[in-house]
Amino acid sequence: MRKRFLAVAFCALATQAAAEDAADKAKIEDGATTYENYCATCHGMELRNNTGVAFDLRRLHADEHPRFVNSVLHGKQAMPAWDGTLTTDQVEELWAYVRANANDAKK
Amino acid sequence: MRPLIAALLLGFALPATAMAQSVADLRNDAKTPGDVLTYGMGYNQQRFSPLKQINRKTVKHLVPAWSYSMASNYGEESQALVKDGVIYITSHDKTVAVDALTGKEIWKTTIEYPPETTKTVCCGIVNRGAALYEGRLYRTTLDTHVIALDMKTGKEVWNVKSSDTADGAAMTGAPIVANGVLVNGIAGAEFGVRGFLEGHDLETGKQLWRLYTVPGEGEKGSETWPNGGAKASGGSTWTTGSYDPDLDLVFWGIGNPAPWNPLDRKGDDLYTNSIIAFRPKTGEMVWHYQMSPNDPFDHDGVNALVQADLKIGGKVQKVVMQAGRNGFFYVLDRATGKLLAANNYVKVTWANGIDLKTGRPNWTIDMKSVIESASKISTWPSISGGTNWFPMSYSPLTGLAYVNTLDMGMEYQPLPIEQVQNLKTGQPHYGVKITNIYPESGNRGILKAIDPLSGKAKWQVPFKSANWAGTMATAGGLVFTGALTGEFMAFDSETGKMLWQFQTPSGIIGQPITWERNGKQYVTVTSGTGGVYVLKIPDANLAHVPPGGSLWTFKLMED
């Protein structure tokens, strides 16, 4: 009995984790699409900064979320302000995408 | 011998008439290699030069004369122009005049546009060139200003605003001067722009006419869109047309419909993906020919439109031709728009040929399944096309068109119709899921010497990364072009053998030209990577190509 109970509990946990993983993955993928549509022109394909005209977004650390949101919404120098163009959700998806590919991300 | 004598005579005549550049000068541009006054090196845009001091034998002695920094990391796609010993070159943020023999800057006029401008620039922050006429340089800006500068000083003579970023619009193309009118196009089908061409008064900049490339509700052509054309959009005009002064017709390539997803715009969607001919004085459309009706693949009809006199069935015909984005090489009677030939010049799977009688493509089952049931398919060519904006050249000596072709396909599926039904102008107009398919050969680009009538290549040279630069042919038996890895190269126009190359500091996405001064021939091109391939298509081969714009001029080494 006990064994069975444990097994069931474990299964439930695993399913939940898998669901969260899938949600994260979807978020990152949506972020990648938004990135390609709006940001790649300057920040380079797949965040590679190969254009040399902008900031390397992979350098942002986990605790720089406020800076990211602020810069994206309000712009900075040659970087346009995206407030009104992007929804809050899209900005969060972009952040998920940027963090998933950050220099200090666990891979 | 003849062209040389003509060139010498003109060389003498020029100084006296230095500023009085006239209609005749524009008409003769292709035959007077002392200057390059037009986009395409002549109204016919053949990008062919009668010069032959630099030729198959001498090209090995080609060396840099000078280089000039464009002081920018954005891509350099612009074609240089040359007049009276001065080179004029544009970029997204400046216009520059440089001494053609020394490379020293004469003047520089910067352009400032609001940061928001770039929100509706899909494919690279670039400019492709200018037009010269009677002492003035004409160009467009990203934030859709059309401006005139004094060629001597760079001072602004006039400046008019055409559109709004909110309309999804941007301008990257070179204008042309035709029959006393400045003609320019617009970019932005990726953001739902309603495409147009417009004519401006050369003296004042006043807008003389606007020709919309997709109809308004109930207008002519609206029957080819659903709901009477209420939501017709796209049809941008972001490259530069060519002009036939004898027929007084301008030929211009019209871009893709918006959005890319075709489900909510069943019908032919005129005049997207078409070639149109119009009167430069009035903007009146005289004929049109549509290459890709109801296009789902961004097979933008804007590639270079080159005029030539071709022998067809024993008779010389005045044609205009295009290596189409959709993979077919089109040859049309340029007086009437009648289709004379259309053969694929790269791998094509969306159509089994073009019906010469009706001019329409014979759709494959794959293509039908996209339109009728939103199926997922693998198809060639990819959204980048069989070739793209970078212009081909044509040599009347070899009868061949020199085209940097692309060898890429894609997995493609339109997203559900609901996702594209309520798009607002200024938002991205895609609505498709695309994964590129790269060729097994590992070579994504092939420089081809194409017979216009059969589409077949006489020779071809493969490249790992697709070339994204224009080509130029010369009477010296050479074809020049550049690679994304920075090599500027010359090939034998008959065999494709590479005869010369020089490593520039960045990738080349520019348009080579050649000209002469004091009896010497020079070749000029920009280096400076960028453009949509570099920005949006992963390519490990380009990992070590730094950005940075520069302008280069080459000449034969002196003893």
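What you see is a predicted model, and the numbers here were worked out from it, not measured in a lab. (Residues numbered from 1 in each chain as written. Chains lettered and ligands numbered in written order. Predicted model: local features only at pLDDT ≥ 70, side-chain atom pairs only at ≥ 80, totals over all residues. Heavy atoms only, no water.)

Novice: Give a description of helix H4 (residues 88–100) of chain A that names residues and reports values.
Specialist: The periodicity of an α-helix, 3.6 residues per turn, causes residues three or four positions apart to be oriented the same way. End to end, H4 of chain A covers 18 Å across 13 residues, agreeing with the expected 18 Å (1.5 Å per residue, within 8%). Residues of H4 of chain A that are buried include every one of Val91, Glu93, Leu94, Trp95, Ala96, Tyr97, Val98 and Arg99 of chain A, and no others. (Helix = DSSP H or I, 4+ residues; strand = E, 2+ residues; numbered from the N terminus. Expected span 1.5 Å × (residues − 1). Buried < 20%, exposed > 50% of the residue type's maximum accessible area, 1.4 Å probe, protein only.)

Novice: Residue-level account of the side chain of threonine 90 of chain B, with values.
Specialist: Residue and element names in this part refer to chain B. Relative to the assigned elements, threonine 90 resides in strand E4 (residues 86–91). The class of threonine 90 is buried, set by a relative accessible area of 2%. At 2.8 Å, the side chain of threonine 90 forms a polar contact with the side chain of serine 78. At 3.4 Å, the side chain of threonine 90 and the backbone nitrogen of glycine 129 are in polar contact. (Polar contact = N/O pair within 3.5 Å; in protein donor to acceptor, adjacent residues only side chain to side chain.)

Novice: Outline the nonpolar core, listing residues and values.
Specialist: Judged by nonpolar contacts, the single largest core of 76 residues is most densely connected at Tyr138, Phe278 and Phe480 of chain B. Residues contacting phenylalanine 480 of chain B, with those up to four places away along its chain left out, are Ile54, Leu62, Gly470, Thr471, Met472, Thr474, Phe488, Met489, Ala490, Trp500, Pro512 and Val523 of chain B. (Core = buried A, V, L, I, M, F, W, Y, C linked by side-chain atoms within 4.5 Å. Contact = heavy atoms within 4.5 Å.)

Novice: Report on the confidence of the model for chain A, specifying residues and quantitative values.
Specialist: Mean pLDDT over chain A works out to 84, with 82% of the residues at or above the 70 mark. Predicted confidence is poor over residues 1–11 of chain A, with pLDDT under 50, and the contacts of this stretch with residues over four places away or in other chains come to 0 contacts. (pLDDT = per-residue confidence, 0-100.)

Novice: Can you tell me about the interface of chain A and chain B, naming the residues and giving the values?
Specialist: Listed as interface residues are 22 residues of chain A and, on the opposing side, 20 residues of chain B. For the pair chain A and chain B, the summed buried area comes to about 1600 Å², and 59% of that belongs to carbon and sulfur atoms. Ranking the residues of chain A by area buried against chain B places Asn37, Thr41 and Met45 of chain A at the top, with a combined share of 31%. On the surface where chain A and chain B come into contact, there are 0 salt bridges. Remark: the boundary between chain A and chain B carries 5 residue pairs in polar contact (both at pLDDT 80 or more). (Buried area = accessible area lost by both parts, 1.4 Å probe. Salt bridge = Lys/Arg side-chain N within 4 Å of Asp/Glu carboxyl O.)

Novice: So, the sheet that holds strand E30 (residues 445–450) of chain B: which residues are in play, and what are the values?
Specialist: All names here are of chain B. The 4 strands lie next to each other as E26-E27-E30-E31, forming an open sheet whose pairing is antiparallel. The two strands at the open ends of the sheet, each matched to only one other strand, are strand E26 (393–395) and strand E31 (457–463). For this sheet, the mean angle separating the axes of adjacent strands, direction not counted, is 20°. (Pairing = 2+ DSSP bridges. Axes fitted to C-alpha atoms, helices over the stretch in contact; angles between N-to-C directions.)

Novice: Could you give an account of the sheet that holds strand E38 (residues 550–556) of chain B, naming the residues involved and the relevant values?
Specialist: Residue and element names in this part refer to chain B. Overall, antiparallel pairing links the 4 strands, which are arranged E2-E38-E37-E36 in an open sheet. Each edge of the open sheet is held by one strand with a lone partner, namely strand E2 (62–69) and strand E36 (513–517). For this sheet the average axis-to-axis angle between neighbouring strands, irrespective of direction, equals 30°. As paired elements, E36 and strand E37 (residues 520–527) share 5 bridges and run antiparallel to each other. Paired with isoleucine 513 across the bridge in E37 is threonine 524.

Novice: I'd like a description of the packing of helix H3 (residues 65–74) of chain A against H4 of chain A, backed by residues and values.
Specialist: All names here are of chain A. Contact pair H3 / H4: the axes reach a minimum separation of 11 Å and the direction vectors enclose 125°. Considered as vectors, H3 and H4 are oriented oblique to each other. For the element pair H3 and H4, the recorded crossing hand is right-handed. Where H3 approaches H4, its residues His65, Phe68, Val69, Val72 and Leu73 are matched on the opposing element by Val91, Glu92, Leu94, Trp95 and Val98. A class-by-class count of the residues in the contact of H3 with H4 yields 8 nonpolar, 1 polar and 1 charged. (Parallel < 35°, antiparallel > 145°, perpendicular 65-115°, else oblique. Left-handed = near helix turned anticlockwise from the far one by under 90°. Nonpolar A, V, L, I, M, F, W, Y, C, P; charged D, E, K, R; others polar.)

Novice: Residues and numbers for the state of the cysteines, please.
Specialist: Per the stated rule, a full pass over the model turns up 1 disulfide over all chains. Two residues, cysteine 122 of chain B and cysteine 123 of chain B, share a disulfide whose sulfurs are 2.2 Å apart. When the S-S torsion is -105°, as for the bridge of cysteine 122 of chain B with cysteine 123 of chain B, the disulfide is left-handed. For cysteine 122 of chain B, a relative accessible area of 13% gives the class buried. Judged by relative accessible area, cysteine 123 of chain B falls into the partly exposed class, the value being 30%. For the unlinked cysteine cysteine 39 of chain A, the closest cysteine sulfur is that of cysteine 42 of chain A, found at 8.9 Å. Classification of cysteine 39 of chain A by relative accessible area gives buried; the value is 14%. (Disulfide = S-S within 2.5 Å.)

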